[in-house]
Amino acid sequence: MLPGSMVTIVPLILGSISTVLAASITHPPSITTQPQPVVYFKEEEAGDDEKVELPCIAEGTPKPEYRWEKDGEEFDVTQYNYIDRVKGLGTLVIHRPTDADEGYYQCFAYNSHGSTSVSIKAFLTKSVQDTFPSAAQPTVHRPVIGYPLTLRCHPPKSIPVGIVLWATTEAGSQDDSTSLEFISYDDRITKDLDGNLHFTNVMEKDAMDGKAYICMARNSFLKSMVQGGDQLIMPQESPDMSKMIPVEVMWASPSDTLGLIHHVVRLKCIFSGNPTPDVSWSRTGGDLHKTRMTVDSYGQELVIKDLQFEDTGQYVCMGKNSATPRVMVRKFNVEVQASPYWIDEPKDQIKGVDEDAAFLCNAGGDPTPVIEWYINGIPIDEVPRNNRRLDYPKRIEFRNLTKADAQVIQCNASNIHGYLWADVFLNVLATPPEVIEKPQQWQKVAQGRQANITCRTTGKPDPIITWFKNDQLLAGDRYHITKEGTLQISDSQIGDSGLYRCEARNKFGLAKETGELAVRIKTEIVSVPKESREIDAGHVFVMRCDSKTDPKEQENLEITWLLDDKPIDTSDPHYVVSQSNFSLTIKNILTKDTGQYSCNVSNGLDYDIATSRIIVRSQPDPPREVTVTVCRQRSAQVQWKNASDNNSPIEKYIVEYNTTFDQDDWRIGFEAGPTKNKAKVILSPWANYTFRVIARNEKGYSKPSEHSQVCRTDADLPDKNPSNVHTIRDEPNKLKIRWDEMPQIDHNGPGFEYVVKVKRLNKPDEEPKTYIFKDYKKTSMDNHTEFFYEPFEIEVRARNSKGESLAPVQKITGYSGEAAPLAEITDFGLEPGKAITPTQASFMWTGVPRDPSVIRGEFKGYKIQYWATDDREGTQKEVDVPREETTRGRAKRQDNKEYHTISDLPPYTNLTMQVVVANTYYVGPPSNQVFLETPEGVPSAVCDLKASVRGSNHFSLTWNPPKHRNGILIGYNITFQQIDDGEVGTKVKLDEQINDPEQRYYELTTLKANQSYRVYISARTRAGPGKEYYIDVRTAEAEEPGVPRFEFVQITSDGFNISWGFRQESDKPVGYHHFVKYKKMGDSDWKVTPRLSGSQTWQNISGLEPGTMYEVQVVASNSKGLTPSPIQYKSTTSEGQASTSDVAQAAWFIGMMVTLAILILILIIVCIIKRNRGDKYHVQEKERLRGRDPENGDQDHFNEYSRTGGDDNSLGKSHGSLTGPEKPPMESDTDSMEEYAGVDPSKFNEDGSFIGQYGTKSKSQPAQSSMSTFV
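As a starting point, this report considers the structure included with it. This one's a predicted model, so the numbers in the text were calculated from it and none came from an experiment.

1. Observations regarding the sheet that holds strand S38 (residues 418-429)
- Read across the open sheet, the 5 strands follow the order S30-S38-S37-S33-S34; overall the sheet is mixed. In this open sheet, the two edge strands, each paired with only one partner strand, are strand S30 (349-352) and strand S34 (378-379).
- Pairing of strand S33 (residues 370-375) with strand S37 (residues 407-415) involves 6 bridges; the strand directions are antiparallel. Bridging across to S37, Glu-372 finds its partner in Asn-412.

What follows is the structure, given as structure tokens:
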């Protein structure tokens, strides 16, 4: 038993003892409860009934008796009337103990068996606590601010040793505990291991407003506290308050430290210095243990918990601050020893006659413990020799035991650090076998598990146990019989089921019992989660745990999910366990969900478990405790505590700041590395700064930290002057100066203003004029001038109450406003020898002089203006001829001619051309006009190409003519290509192209079924074919046509007008032909109209009888068969009755017509308003001259030649493709009947599969790819 705690000794073989007691068999005494090694009592005070209890309880038969020894002498408790012994026990109760009762007490338990059990020795001592020496006056300390200080504490005698505490109190209030405030230790104020209080550098606040520092000692047993004298701190100012003090050692633990294994070792270094030193720890030749070694007391103390032999070695503490050129080092050598600990602890033993017994007493320790043996409390050397007892240093053996060998054996293992005490008994019996725990009548076990069939027996000597299955003796490696008689069957199999019998036999008799075993199919998890996964926070995460078990145990199967070995609370809605497959779903997974997940499947017999390590990654937590440690005029040092990275390493910290000028404007002041926790931020003078810190990892940015305290900077001169100083020359006779606003953060002090100086360069003797603007938002100045485009020297400075900025000022040369040039060109014409093409013409003219008095501004070049001769207002455009182009050209030619070619003229158009001179804001008078006609060109792409009426071997094409004909249309060209697996085949031309320019429809036939095609169409003029437009379409499967759907468009007295379309309830082809069947109600014979091609979707039936009901049916046909529509019944009108139309009679039709008329009227009014309004604004007119409409963007104003999609021949800049055919926009403008006139191509996927139900919905769709839905 280890000294130091109350020890309860429990015999190993409790079951055997219980059995023995039940049979009234004698056995030696054994102490089970004994006193602690040290027992304290306090001195009696008036009215107290102090008592001390020394417990001593033993088991044995007959019932043990007790005696005590004190200080090694017999102690007769009956001689002391204040000492009682608890009835029936050996426990002593000492009432009102005194100093005379102090000493070592030991209990002995014995009975008629002739054996004695002995307790450990307990030391009884009085707890005391003396007071501090009285002090008449407080101790006053007058340290210089920034220098170190130590307050000493010499605690008085205390048993047990007192705990030292430091506090402050009102000076002189020794007995007033209400004013006590315990010291809060930090990296500057700390207590050493001896109890002294240290200040690494004294600050003015350490005076504590005159309060006294006091040292106190607390006795944990008496629960009392005494306090020492007052100590006052009166900090003294230093001539240099900012002086930095190098690091020195104030106090440190001993250089050589001895620690005991499993105990705690504390090493402490206290460094002085200003600023407060940073303290760190290391281990020579290795790393600090991650869990057992921690740094406490703000880095000053290294704590080694659960000390191990491998912790022996050298440890180093290091102190540094910014005033210390080198690191101050203190080294410690730690030696590890051990008090005794058990390797082989003696155990109680019950043996039978003729058996052998052996007792081991083997203890470890450093130094090596000494082993001492006792028998019945007597040293073994003093016990008479026994030939059947063999004595060894760490072992005692008994041979051929008899009942007389029953005894109690003690072992003591001790070294300089403590001792171990063992008190065990040997009992010798002679009894026949008896089964005291029978096999279960019926038990079950899972396949693969170990089966344990119990058969615990008693009897001395120990019975020999044998097992039988179905009367067959069991033998083999899978069968093992324990010392207690239990049969263990390893790796149980289904075949192990059956009836088992155990037999116990010794020299005094035989006992036997039976039981049945059933083996169930094992439980196992069949879908195992991955061992480790990393997941981003915010997702829904699911873990499967499918399992199986024996069908007979299925109803007992339970699945439990655990997180880090703790059951998950499935009542929490954050977790959902499926009742069907027991999967675990985590909604909106968070970083707190990181951990080891286990799925535990059990049916009560066996279990299976699968684990998965889930790491949830997220953006970091916000950094904490952001503080400003240094605040200066132009910089601050910001410090923070690092954030949790939430399983994704921190990449950097971002220090942001704002000011009171704009509290919502947070700007980045510094970016620090992931291991940093401080940063220097550059500041501006005269501002109130607040800081915050944001952490970033791979998953994103943390929320901002809490704000720091305010850092206020002092005023200074402005660091800069306004930037972007310039003039605007858009108004004649005005000097308009502009500059960028300087924000308040750049003012650097109060009284901020702009100082503007302006000097005429044409009058060098004239003094510059100075203008002051006190409103920092004022960034412009306008003055009237005498001349156009007059030069000025301009500078703008910043100034505050401290003075003008010392930064270099930006001096610029600016000009007053420009006016329209006076220069006029009179010889504008076509360049000789250059041909006119449909879109290109070249021009020449004589350049004008660059005299500022003529240009009246900065010369920018020329502008060629042109328009359709019969529509100037709607079509005028202009082309810039920049100054750089004219200058380069003339330098090469050495003449005064200007040349320019325009390459985007509208084909087939009568144009009027002129040129003007341009400065920055104005143009001069127009030149003479040139008239020309551009030749015919090729047309733009056709519009609205669609494929409809899609059959197995055909489909119909419809289109609208090109928006820009660029000449006279003479027809259309159609080609197509077959598409196989994304590869486009050879183009196939029609045998005969379309030569009718008015034709808008064509039916492609003799195509392959279920085949993709790319179909191209281009319009032609006499200049040739224009840009190709294409769509992709797929023919339908080769099968019977789909069911047609039809309606009666008009009904008369003698006929019907019928229109039909394709009911799209399935991906059926449209019929190649259609015809109508009809008959009078009740007739047996049908009449049939001629077959119409698939593209024709209506039929007029005449010659019917007035007022007669008819049955009508539309039939679709192709090479695979006929498909009729459902029969409809319709009556002709009576004679004289007006014809009717299902459509026209509908109320919605009338409403639609009225709405359409109103919309057309509104459109006309809007056009008129826009046209009139466009003439009122100079800016709009200038934009139109450039070819841009400010209201309609860059749309072309040559209505006849305006473009959509891929037009490349308009007056505006071409945006069309330069290569390849044009792909149409994905939109549909089908009319109401087209909803049923065939398979609307917008209802097909890229492979032609049907995705709609009926008809088309007129919605524009964005283009997606060359294989996208066709229209």
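On we go.
2. Concerning the sheet that holds strand S43 (residues 464-469)
- Strand order in this open sheet of 5 strands is S40-S48-S47-S43-S44, and the pairing throughout is mixed. Edge positions in the open sheet fall to strand S40 (442-446) and strand S44 (472-473), since each of these has one partner strand only.
- With 5 bridges joining them, S40 and strand S48 (residues 509-520) adopt parallel strand pairing. Across the sheet, residue Lys-444 finds its bridge partner in S48, namely Ala-518.

3. Things to note about the state of the cysteines
- Here the structure, examined in full by the defined rule, presents 7 disulfides.
- Note that Cys-269 is cross-linked by a disulfide to Cys-317, the S-S spacing being 1.8 Å. A torsion of -75° about the S-S bond marks the disulfide between Cys-269 and Cys-317 as left-handed. Within this pair, whereas Cys-269 is found in strand S24 (residues 265-274), its partner Cys-317 is found in strand S28 (residues 313-320), the two being separated by 48 residues in sequence. The same class applies to Cys-269 as to Cys-317, namely buried.
- Covalently, Cys-361 is tied to Cys-411 through a disulfide, its sulfur atoms 1.6 Å apart. Here Cys-361 and Cys-411 share a disulfide; its torsion about the S-S bond, -60°, makes the bridge left-handed. Of the two residues, Cys-361 sits in the loop between strand S31 (357-360) and strand S32 (362-366) while Cys-411 sits in strand S37, which places them 50 residues apart along the sequence. Of the two residues examined, Cys-361 and Cys-411, each falls in the buried class.

4. Let's talk about the packing of aromatic side chains
- According to the stated counting rule, one finds 27 aromatic pairs in the structure shown.
- Measuring from ring centre to ring centre gives 5.9 Å for Trp-739 and Phe-773, while their planes differ by 50°; the resulting arrangement is tilted. On the criterion of sequence distance, the pair formed by Trp-739 in the loop between strand S68 (734-738) and strand S69 (753-760) and Phe-773 in strand S70 (residues 769-773) is long-range, its members being 34 residues apart. Take Trp-739 and Phe-773: they sit in the same class, and that class is buried.
- Centre to centre, the rings of Phe-1046 and Phe-1048 are 5.7 Å apart; their planes meet at 75°, and the pair counts as edge-to-face. You'll find Phe-1046 and Phe-1048 in the same group, each marked buried.
- Ring pairs connect the aromatic residues Phe-828, Phe-843, Trp-845, Phe-859 and Tyr-862, which therefore count as one cluster.
- Here Arg-449 stacks its cationic end above the ring of Tyr-607, 4.8 Å away from the centre of that ring.
- Here Lys-987 stacks its cationic end above the ring of Tyr-1016, 4.1 Å away from the centre of that ring.

5. A short note on the environment of His-784
- Mapped onto the secondary structure, His-784 falls in strand S71 (residues 780-784).
- As a C-alpha pair, His-784 and Leu-735 span 49 residues in sequence and 6.2 Å in three-dimensional space.
- For His-784, the contacting residues outside a window of four places in its chain are Asn-733 and Lys-734.

6. Overview of the side chain of Thr-190
- Tracing the chain through its elements places Thr-190 in strand S17 (residues 189-191).
- A polar side-chain atom of Thr-190 sits 3.1 Å from a polar atom in the side chain of Lys-268.
- Within the local environment of Thr-190, its side chain forms a polar contact with the side chain of Gln-300, the two groups lying 2.9 Å apart.
- Once residues within four sequence positions are removed from consideration, Thr-190 is found in contact with Tyr-185, Asn-196, Leu-197, His-198, Lys-268, Ile-270 and Gln-300.

7. Re the pattern of salt bridges
- Overall, the coordinates contain 65 salt bridges when judged by the stated rule.
- Linking Arg-478 and Asp-496 is a salt bridge whose minimum nitrogen-to-oxygen distance equals 2.4 Å. Placement of Arg-478 in the loop between S44 and strand S45 (479-481) and of Asp-496 in the loop between strand S46 (487-489) and strand S47 (498-506) is noted, with a sequence separation of 18 residues between them.
- Residue Asp-496 is classed as buried on the basis of its relative accessible area of 5%.

8. Remarks on the pairing of strand S97 (residues 1109-1118)
- Across the 10 residues of S97, 9 count as buried, placing the element largely inside the fold.
- As paired strands, S97 and strand S99 (residues 1128-1131) are joined by 4 bridges and run antiparallel to one another. Residue pairing for S99: Met-1109 is matched across the bridge by Ser-1131.
- Taking the residues that link successive antiparallel strands as the turn, the S97-strand S98 (residues 1121-1124) hairpin has 2 residues.

How each quantity is defined
Numbering of residues begins from 1 in every chain and follows the order in which that chain's sequence is written. Where local features are concerned, this predicted model is filtered to residues with pLDDT of at least 70; where side-chain atom pairs are given and counted, the filter is 80 or more; whole-chain, interface and lining totals use all residues. Derived side-chain values reflect all non-hydrogen atoms in the structure, with water molecules and hydrogen atoms excluded from consideration. Two strands qualify as a pair provided that DSSP identifies no fewer than 2 bridges between them. Secondary structure is summarised from DSSP: a helix means a run of H or I of at least four residues, a strand means a run of E of at least two, and numbering begins at the N terminus for each. By disulfide we mean two sulfur atoms from cysteines, separated by a distance within 2.5 Å. Working definition: with a 1.4 Å probe on protein chains only, accessible area under 20% of the residue-type maximum means buried, over 50% means exposed, and in between means partly exposed. Pairing of aromatic rings covers Phe, Tyr and Trp, the last counted by its six-membered ring, and requires centre-to-centre distances within 6.5 Å; plane angles under 30 degrees mean stacked, over 60 mean edge-to-face, and any other angle means tilted. Should the NZ of a Lys or the CZ of an Arg lie within 6 Å of a ring centre and within 35 degrees of the ring normal, that charge is described as sitting over the ring. Residues count as neighbours in contact if any of their non-hydrogen atoms are within 4.5 Å of one another. Whenever a nitrogen or oxygen atom comes within 3.5 Å of another N or O atom, the pair is scored as a polar contact, on the condition that within protein one atom can donate a hydrogen and the other can accept it, and that pairs from neighbouring residues in sequence are kept only if both atoms are in side chains. One side-chain nitrogen of Lys or Arg within 4 Å of one carboxyl oxygen of Asp or Glu is enough to make a salt bridge.

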